[in-house]
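Inside the fold
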Amino acid sequence: MIKTSTMVMAAFFGSVILCFAIPFRLLQFIGFSLFFVICVSYVYAKILYNNIKVTRTIKELKLACKEETEISFALKNFCRLPAFICYYSDEAPFLYVYNNGNSGITTLRRHEIKHVTYRIAAQYRGLYPVGPVKIKTSDPLGLFEVDIEVPCELKIMVRPARIKLHAETHPGFPQGVIKINNPVYEDITMRRSVREYINGDEQKRINWRLSAKFGELFTNQYEESYDAPFFIFLNLAEEDYELKNRSYYSEKAIEIAAALVELARKHKQRCGFAAYGTDFPYLKPRQNQADVILDILALINLVKGHLPYNPEKKFRHQMPAGTMIFTVGPKEVENYFLKLEAGKEAVFE
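Figured I'd write up the structure that's included with this text. (Residues numbered from 1 in each chain as written. Predicted model: local features only at pLDDT ≥ 70, side-chain atom pairs only at ≥ 80, totals over all residues. Heavy atoms only, no water.)

Side note on helix α4 (residues 246-266)
One turn of an α-helix holds 3.6 residues; hence residues three or four places apart share an orientation. Between its first and last C-alpha atoms α4 spans 30 Å; for 21 residues at 1.5 Å apiece the expected length is 30 Å, and the two agree. Counting buried residues along α4, 15 of its 21 residues qualify, which places the element largely inside the surrounding structure. The positive-phi residue at the C-terminal boundary of α4 is Lys268, with phi of around 60 degrees. (Helix = DSSP H or I, 4+ residues; strand = E, 2+ residues; numbered from the N terminus. Expected span 1.5 Å × (residues − 1). Buried < 20%, exposed > 50% of the residue type's maximum accessible area, 1.4 Å probe, protein only.)

Next comes the structure, spelled out in C-alpha cells:
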C-alpha cells in the first residue's frame, strides 16, 4: 500500500491548476516542477513497493519450552533504486524476543539482500505463529509512504520443558539394543569375542574352526541385550488434581511424560502413548514415533471429570510382551517432587 498526506494531494492538485489554469509562465513553471517532483516520487515509491520482498528459509520450527532459538528472514531489494530508510517488523506474539531484535531500521541498496536474525524463547507450550513481516519505506523526499506486508508465516511448535528424569528399564525380551550383563538375554546373532574353553561350556558354543586352527578349544561369547518397549499413559482429568495446584501439577505431568518419551528414544525403544485429555489420543508402541507424541504433548490440555478406569488393566493386554507401562498423573507428580527433595535426581519407578 502506498499512502501520502493530504498536503501532498493538495500540492498535486494545486500544481495541476498552476500548469493549466494560470496564464503566468513563472507560476506555470513552478506548477510543472511541483507536478514533476510528485509524479517521480510516486513512481519511485511504486517501484519499491513492487520490488522489495521478504523470504524465510524455514516454515516450521520445534523447540522445548523455555528454550532459546534463532529466527531469521531475508529482506530483498530486486530493483535498481535504493530504499534509503527501511523499517521492518516481524510479528511474534506470545513469544519473548531478546533485545527487540524482530524490528529495526536499515538501508537497502539496489539488488541488496539483508538477513535479519533474532533470538526468541517461549514460556508456555503450544503452537505459535510468527509473521507477517511488515516493511515501511518511502521515496527519497518522503512524500509517499510505502507499507508492505508479507505473510511468510513461521509456525513454532513449543514442546514441554525438558527435565531430568531417570527410569529403570526392566528386561523385556531378548535380542534388543539395551545392553545387560545377563546370559539369559544373549543374542547368538551378535558374537562379541572368543575365550579359552572352560570345563562345563556347552558344545554348541565352541568355535570349532578356531579350535582346529590353534589345536585347543575356544568358546564363543555373545552380546547380551534386550528390548523393553515404552507405553506412557497421561492422566489429565481435571478433578483428579487439587484445585490449588491443578495448573502447575498438570503441566509437570506433561513434562514427565515428555521426558519418558525422550528416554525411550535414547534407549532406541518403541514408544506408545495414550491420554485421558483433549482428543483422547492413543498410539501403540512403534519405532520412530517420539516426535509425533511430543507434538501431541505440546497441544494437549485438561478435560473435565475423573479418570474412570485403571490404565494398567485397560492397556496391558494390548501391548507387546515386555512392554513397560508408565502411568503419569497427580500421584506420580507428587512422587517426582519427593524424589527431587531426596536428591535422587528425579527417579521414576
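Let us keep going from here.
A look at unusual backbone geometry
The omega torsion of the bond from Gly131 to Pro132 falls at 5 degrees, within 30 degrees of zero and hence cis. Tracing the backbone shows Pro132 in the loop between β9 (126-130) and β10 (133-138). A positive phi is found at Lys66, a non-glycine position, where the angle reads about 65 degrees. In this structure, Lys66 sits in the loop between β3 (60-64) and β4 (68-77). In this structure, Lys268 takes a positive phi of about 60 degrees despite not being glycine.

Some details on helix α2 (residues 25-51)
Helix length check: α2 (27 residues) gives 39 Å between terminal C-alpha atoms against 39 Å at 1.5 Å per residue, within 8%. Within the span of α2, buried status applies to Gly31, Ile38, Ser41, Tyr44, Ala45 and Leu48. Contacts from the buried residues of α2 go to β1 (2-4), α1 (6-20), β2 (52-55), β5 (83-90), β10 and β11 (144-150). (Contact = heavy atoms within 4.5 Å.)

A short note on the sheet that holds β4
Strand pairing in a sheet takes place through backbone hydrogen bonds and is either antiparallel or parallel in direction. The strand order across the open sheet formed by four strands is β2-β4-β8-β6, and the pairing between neighbours is antiparallel. Only two strands of the sheet have a single partner each, and these edge strands are β2 and β6 (96-97). Here two bridges tie β6 to strand β8 (residues 113-121), and the two strands are oriented antiparallel to one another. The residue bridging Tyr96 from the neighbouring strand is Ala121, located in β8. Where α2 meets the sheet, it contacts β2 and β4, and its direction lies at approximately 20 degrees from that of β2. (Pairing = 2+ DSSP bridges. Axes fitted to C-alpha atoms, helices over the stretch in contact; angles between N-to-C directions.)

Overview of the environment of Asp147
With respect to the helices, strands and loops of the structure, Asp147 is situated in strand β11. Residue Asp147 is classed as buried on the basis of its relative accessible area, which comes to 17%. C-alpha separation for the pair Asp147 and Glu332, spaced 185 residues apart in sequence, amounts to 54 Å. Discounting residues that sit within four places of it in the chain, Asp147 has contacts with Met1, Lys3, Tyr49, Ile135 and Lys136. Within the local environment of Asp147, its side chain forms a polar contact with the side chain of Lys3, the two groups lying 3.0 Å apart. (Polar contact = N/O pair within 3.5 Å; in protein donor to acceptor, adjacent residues only side chain to side chain.)

Section: the pattern of salt bridges
Taken as a whole, this structure holds 18 salt bridges when the rule is applied. Arg159 is paired through a salt bridge with Asp295; the nearest N and O atoms lie 3.1 Å apart. Placement of the pair is Arg159 in strand β12 (residues 154-159) and Asp295 in helix α5 (residues 290-299), with a sequence separation of 136 residues. For Arg159, a relative accessible area of 12% gives the class buried. A relative accessible area of 17% places Asp295 in the buried class. With its nearest N and O atoms 2.8 Å apart, the salt bridge here joins Arg316 to Glu312. Using a relative accessible area of 36% as the deciding quantity, one classes Arg316 as partly exposed. (Salt bridge = Lys/Arg side-chain N within 4 Å of Asp/Glu carboxyl O.)

A closer look at the pairing of β5
Pairing of β5 with strand β7 (residues 103-108) involves five bridges; the strand directions are antiparallel. By the bridge assignment, Ser89 is partnered in β7 with Ser103.

So, the environment of Lys164
Mapped onto the secondary structure, Lys164 falls in the loop between β12 and β13 (166-167). The exposure class of Lys164 is exposed, given its relative accessible area of 68%. When the C-alpha positions of Lys164 and Leu340 are compared, they lie 9.7 Å apart, and in sequence the two are 176 residues distant.

Concerning the sheet that holds strand β20 (residues 324-328)
Strand order in the open sheet formed by four strands is β19-β18-β17-β20, with mixed pairing between adjacent strands. A strand with exactly one partner marks an edge of an open sheet, and here the two such strands are β19 (282-286) and β20. Neighbouring strand axes in the sheet, compared pairwise and without regard to direction, differ in orientation by 15 degrees on average. In this sheet, β20 lies alongside strand β17 (residues 230-235) in parallel orientation, the contact comprising five bridges. Residue pairing across strands places Ile232 opposite Phe326, the latter belonging to β20.

Re the side chain of Lys252
Structurally, Lys252 can be placed in helix α4. When its relative accessible area of 12% is taken as the criterion, Lys252 is described as buried.

Regarding the packing of aromatic side chains
Summed over the entire model, instances satisfying the criterion amount to 19 aromatic pairs. Seen in terms of ring centroids, Tyr309 and Phe315 are 6.5 Å apart; in terms of plane orientation they differ by 75 degrees. Their pairing is edge-to-face. Of note, Lys314 hangs over the ring of Tyr309, and the distance from its end group to the ring centre comes to 4.9 Å. Of note, Lys314 hangs over the ring of Phe315, and the distance from its end group to the ring centre comes to 5.8 Å. (Phe/Tyr/Trp six-rings, centres within 6.5 Å; stacked < 30°, edge-to-face > 60°. Lys NZ or Arg CZ within 6 Å of the ring centre and 35° of its normal.)

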